[in-house]
Amino acid sequence: MEKGLITRARKKDNEAIAEIIQLTERKAYFIAYKVVNNEATAKDIVQEAYIQAFQKLDQLSDDSKFESWFNQIVSHKALDYAKSKQGKNKPVEFSSLDDEEDRLEFEANIKNDKASFEPEASVNYKELQEGVQGVLSELPENQRLALMMYYFEDMSVSEIADVYGVSGNTVKGYLAYGRKKIKNIIEAMREKGVSFYGVAPMPFLTWMLHDQMAKTAVSHVSKDIIIKTVGTSAAATTAGAAATKTGVSKSGLAKWWASKTASVKAGVCAGTVAVTGAVGYAAVDYNSNYNKVVRAVDKLDSLESFHIKGTETSPDGTSYVYDIYIKNTDDKEEYYSLYTNSYPDYEGYTFVSHFKKDKCQYYETQDPVDLNSIDMSKFGDYTKASVDGDAVVDCFVNQGKSNYREFSVLKVDAYDFEALKVLSKSENEPSDFRFNIVNELQKIDEKNMNEVSFKKDKDIKILEYNMALWRKLESGEIKMTEKTNCKCEMKIQNGYLISLEYYTPYNSDDEDMVYGISKMEFVDFVK
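Given the structure is predicted, the values throughout are model-derived calculations rather than measurements. (Residues numbered from 1 in each chain as written. Predicted model: local features only at pLDDT ≥ 70, side-chain atom pairs only at ≥ 80, totals over all residues. Heavy atoms only, no water.)

> What should I look at first to understand the overall build of the protein in this one?
Check the secondary structure of the protein and you find 19 helices and 14 strands. Expressed as a percentage of the 527 residues in the protein, the buried residues total 53%. Partitioning the contacts of the protein with sequence separation of at least 6, the portion at a separation of at least 24 is 66%. If you sum the accessible surface of the protein, you get close to 23,700 Å²; carbon and sulfur atoms cover 45% of it. (Helix = DSSP H or I, 4+ residues; strand = E, 2+ residues; numbered from the N terminus. Buried < 20%, exposed > 50% of the residue type's maximum accessible area, 1.4 Å probe, protein only. Contact = heavy atoms within 4.5 Å. Areas by Shrake-Rupley, 256 points an atom, 1.4 Å probe, with all protein chains shown as cover.)

Following this line, the structure appears as structure tokens:
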């Protein structure tokens, strides 16, 4: 890490904070994910840990040890989450692991266990990796974390003891228990004729974890929210470098999107409050209604592909239907989409897009096309949303994932972030105007969701709550009205979001607010 980054971060330098996140996020996410085994939860833990770390940087005595110090915060939070779980994977008590013989063997092999493992190119370690991973997966979360801290994070026994609040001897007993389990699985495989002679169990574990980390698709934290919380007031501008964001589109589609009033892109949510632009921070309740919805939305990213069947009904009762076919990649910020709708001007056309962070390539075709027959040679240059006069152009925000993400959990992805900046500029507002509102709304809407209860219809969980909406008054003041009569309904099945329906605000000719209804159904899952 570049010398001086931490010093700059202490001064709330947005670019420094963003660079630190970029350099340390992968390992932190991997540690959290290995403990909680859930992408959304791991991301929340890491994001919460970054906010705490940057708020307490003055407690770091040696800047060169930032990553180690930060990963201890991640470990603390992952452990807290493990403790909060009940029933499933009940943690093994330390006293039951305090076997003197195992602990002595652990102490005698500390040097050997820290040796490096060099894989041989001619050997396939897949079966061994699966066996060791099986052992890790079966261990209680807090025991798995102890192994991770010692063999992967290279934390000392005393540092781990501080995290757990126990003695060093207890930690040694804890590590000895896990070491014995991994050693036993390798010996069992050897007895079955699988030859891995010369493979030391714990060096292999260390190598395997680093290999897995390098291949892990990271569920990125929101750098923008972190910067808005702990950085300077210019965060939204700098966040373009921190977490690049954007969108692209064609004339009428962008115009339709932008016409759906300020309230639409700022979404659904609560409270009559003043918008300050600051993002609040509170401890994460991983089992809250809101976070259950977040996980259901994020789980769509784990699919190979899926289909969104949408209907937009305007205030006068007219409606049109559209279809979006999404093909995911290993990078959650890159995907392909096919978009069609029943607008007369677009009938017979398919809009093919390749979204990549803040950019998008695009082409349209009247020829038959599916997710497996996209013609890569037809894509033009990457473009971003921009303003042409008072119009938003090159913005395909309604043809990908951005809309359902924002309207379900008010999370702004890379593509949406740039679109919000551009839309703000088109209205002669500061570029962070709409982003600030979305963040304020997210806090309030989360509260609205958590105040109601899920209903069940067989294996489908249904969450319905009263939305809040915002509008800009003639005075320029932003007013948010809590719990309007407008409803939002989401359905979850097998952990996936399968339906989203919400009221959509429009500006009428006389400037009064009128409402239509938007509905999305998520179908045709390919895992």
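Once you've had a look at it, read on.
> Honestly, helix 3 (residues 39–55) in this entry has me stumped. Any pointers?
Within an α-helix, residues lying three or four positions from one another point in the same direction, as the helix has 3.6 residues per turn. If you check helix 3, its first and last C-alpha atoms are 24 Å apart, about what 17 residues at 1.5 Å a residue would give, namely 24 Å. Along helix 3, 14 of the 17 residues are buried, which leaves the element largely enclosed by surrounding structure. Where helix 3 starts, the residue carrying a side-chain oxygen 2.8 Å from the main-chain nitrogen of Thr41 turns out to be Asn38. (Expected span 1.5 Å × (residues − 1). Polar contact = N/O pair within 3.5 Å; in protein donor to acceptor, adjacent residues only side chain to side chain.)

> Looking at this structure, I do not really get the pattern of salt bridges. What am I missing?
Pairs may arise between side chains of opposite charge once their charged atoms sit close together. Counted under the stated rule, the structure contains 15 salt bridges. Among the ionic pairs, Asp58 bridges to Arg10, the shortest N-O distance being 3.8 Å. Within this pair, whereas Asp58 is found in the loop between helix 3 and helix 4 (66–84), its partner Arg10 is found in helix 1 (residues 5–10), the two being separated by 48 residues in sequence. Residue class for Asp58 comes out exposed when judged on its relative accessible area of 69%. Accessibility expressed as a relative area gives 29% for Arg10, which makes it partly exposed. Of the charged contacts, one joins Arg434 and Glu427 as a salt bridge, the two residues approaching to 2.5 Å between their closest N and O atoms. A residue is classified by how much of its surface remains accessible, and Arg434, at 0% relative accessible area, is buried. By relative accessible area, Glu427 is classed as partly exposed at 32%. Via salt bridges that share partners, Lys43, Asp298, Asp301, Lys401 and Arg405 belong to a single interconnected network. (Salt bridge = Lys/Arg side-chain N within 4 Å of Asp/Glu carboxyl O.)

> Whenever I open this one, the packing of helix 2 (residues 14–36) against helix 11 (residues 201–215) confuses me. Can you help?
Describing two packed helices takes the angle between their axes plus the distance from one axis to the other. Between helix 2 and helix 11, the least distance of the axes is 10 Å, while the angle of their chain directions is 115 degrees. Put simply, helix 2 runs roughly perpendicular to helix 11. Regarding helix 2 and helix 11, the two cross each other, and that crossing is right-handed. Contacts between helix 2 and helix 11 pair Arg26, Lys27, Phe30 and Lys34 from the former with Leu209, Gln212, Met213 and Ala214 from the latter. By residue class, the composition of the contact of helix 2 with helix 11 is four nonpolar, one polar and three charged. (Axes fitted to C-alpha atoms, helices over the stretch in contact; angles between N-to-C directions. Parallel < 35°, antiparallel > 145°, perpendicular 65-115°, else oblique. Left-handed = near helix turned anticlockwise from the far one by under 90°. Nonpolar A, V, L, I, M, F, W, Y, C, P; charged D, E, K, R; others polar.)

> Please clarify how the pairing of strand 11 (residues 478–481) should be interpreted in this entry.
On a regular strand, each side chain points to the face opposite its neighbour's, so the side chains alternate between the two faces of the sheet. Every second residue of strand 11 is oriented toward a common face, the buried set being Ile478 and Met480 and the non-buried set Lys479 and Thr481. The pairing of strand 10 (residues 469–472) with strand 11 spans four bridges and is classified as antiparallel. Paired with Trp470 across the strands is Met480, a residue of strand 11. Counting the residues in the hairpin turn of strand 10 and strand 11 gives five residues, including Gly476, whose phi is positive at 95 degrees. (Pairing = 2+ DSSP bridges.)

> Would you mind going over the nonpolar core with me for this structure?
Soluble globular proteins: nonpolar side chains tend toward being buried together. Ranked by size, the top nonpolar core spans 71 residues in total, and within it Phe54, Phe66, Phe70, Leu205 and Ile226 carry the most contacts. If one sorts the elements of this core by residue count, helix 2 sits on top with 12 residues. Ignoring sequence-local partners within four residues, the contact set of Leu205 consists of Val132, Leu136, Tyr151 and Ile182. (Core = buried A, V, L, I, M, F, W, Y, C linked by side-chain atoms within 4.5 Å.)

> Just to check I follow, could you spell out the pairing of strand 4 (residues 350–356) for this structure?
Burial analysis of strand 4 places six of its seven residues in the buried class, the great majority of the element. Sheet analysis places strand 3 (residues 334–341) next to strand 4, joined by six bridges and oriented antiparallel. Note that in strand 4 the partner of Glu334 across the bridge is Lys356. Connecting strand 4 to the antiparallel partner strand 5 (residues 359–365) that follows it, the hairpin turn spans two residues, and Lys357 within it adopts a positive phi of roughly 55 degrees.

> Would you mind going over the side chain of Asp358 with me for this structure?
Considering the arrangement of structural elements, one finds Asp358 in the loop between strand 4 and strand 5. A relative accessible area of 5% places Asp358 in the buried class.

> Help me understand the packing of helix 12 (residues 223–230) against helix 19 (residues 433–450), please; the structure alone is not making it clear to me.
Relative to each other, helix 12 and helix 19 sit at 90 degrees, their axes nearing to 12 Å. Classified by the angle their axes make, helix 12 and helix 19 are roughly perpendicular. For the pair formed by helix 12 and helix 19, the contact residues are Asp224, Ile225 and Lys228 on the first element and Phe435, Asn436 and Asn439 on the second. In the contact of helix 12 with helix 19, the residues fall into two nonpolar, two polar and two charged.

> Explain the environment of Phe407 here, please?
Mapped onto the fold, Phe407 is located in helix 17 (residues 402–409). Judged by relative accessible area, Phe407 falls into the buried class, the value being 3%. Sequence-wise, Phe407 and Glu501 are 94 residues apart; in three dimensions their C-alpha atoms are separated by 9.2 Å.

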